[in-house]
Amino acid sequence: MSFYEYSNYINVMKGYVAFYQNIPNIQKQKATELIQILEKEL
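A brief look at the structure comes next. (Residues numbered from 1 in each chain as written. Predicted model: local features only at pLDDT ≥ 70, side-chain atom pairs only at ≥ 80, totals over all residues. Heavy atoms only, no water.)

### Quick word on the overall build of the protein
Phase 1: Broken down by element type, the protein carries one helix and zero strands.
Phase 2: For the C-alpha atoms alone, the extent of the protein along its principal axes is close to 60 × 10 × 5 Å.
Phase 3: The buried share of the protein, taken over its 42 residues, is 0%.
Phase 4: Accessible surface, the protein: about 4,400 Å² in total, of which carbon and sulfur atoms supply 61%.
Phase 5: Between the mean site of the 4 positive side-chain charges and the mean site of the 4 negative ones, the protein shows a separation of 6 Å. (Helix = DSSP H or I, 4+ residues; strand = E, 2+ residues; numbered from the N terminus. Buried < 20%, exposed > 50% of the residue type's maximum accessible area, 1.4 Å probe, protein only. Areas by Shrake-Rupley, 256 points an atom, 1.4 Å probe, with all protein chains shown as cover. Lys, Arg positive; Asp, Glu negative; His and termini not counted. Charge placed at Lys NZ, Arg CZ, Asp CG, Glu CD.)

### Points about the packing of aromatic side chains
Phase 1: Counted according to the given criterion, the structure contains two aromatic pairs.
Phase 2: Ring centres 6.1 Å apart and planes at 70° place the aromatic pair Phe-3 and Tyr-4 in the edge-to-face group.
Phase 3: Judged by relative accessible area, Phe-3 falls into the exposed class, the value being 60%.
Phase 4: Classification of Tyr-4 as exposed rests on a relative accessible area of 62%.
Phase 5: Between Phe-19 and Tyr-20, the ring centres sit 5.3 Å apart and the planes meet at 75°, which makes this aromatic pair edge-to-face. (Phe/Tyr/Trp six-rings, centres within 6.5 Å; stacked < 30°, edge-to-face > 60°.)

So, in structure tokens, the structure goes:
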């Protein structure tokens, strides 16, 4: 039983890592969109 719990824990951690690695890409995209909006206003 403990092997299954360990395996599940590893998969959960992989999900967290993938999510947190994707955050900078999302922030970069939002920053680019914000810059474009500001350039249009100016």
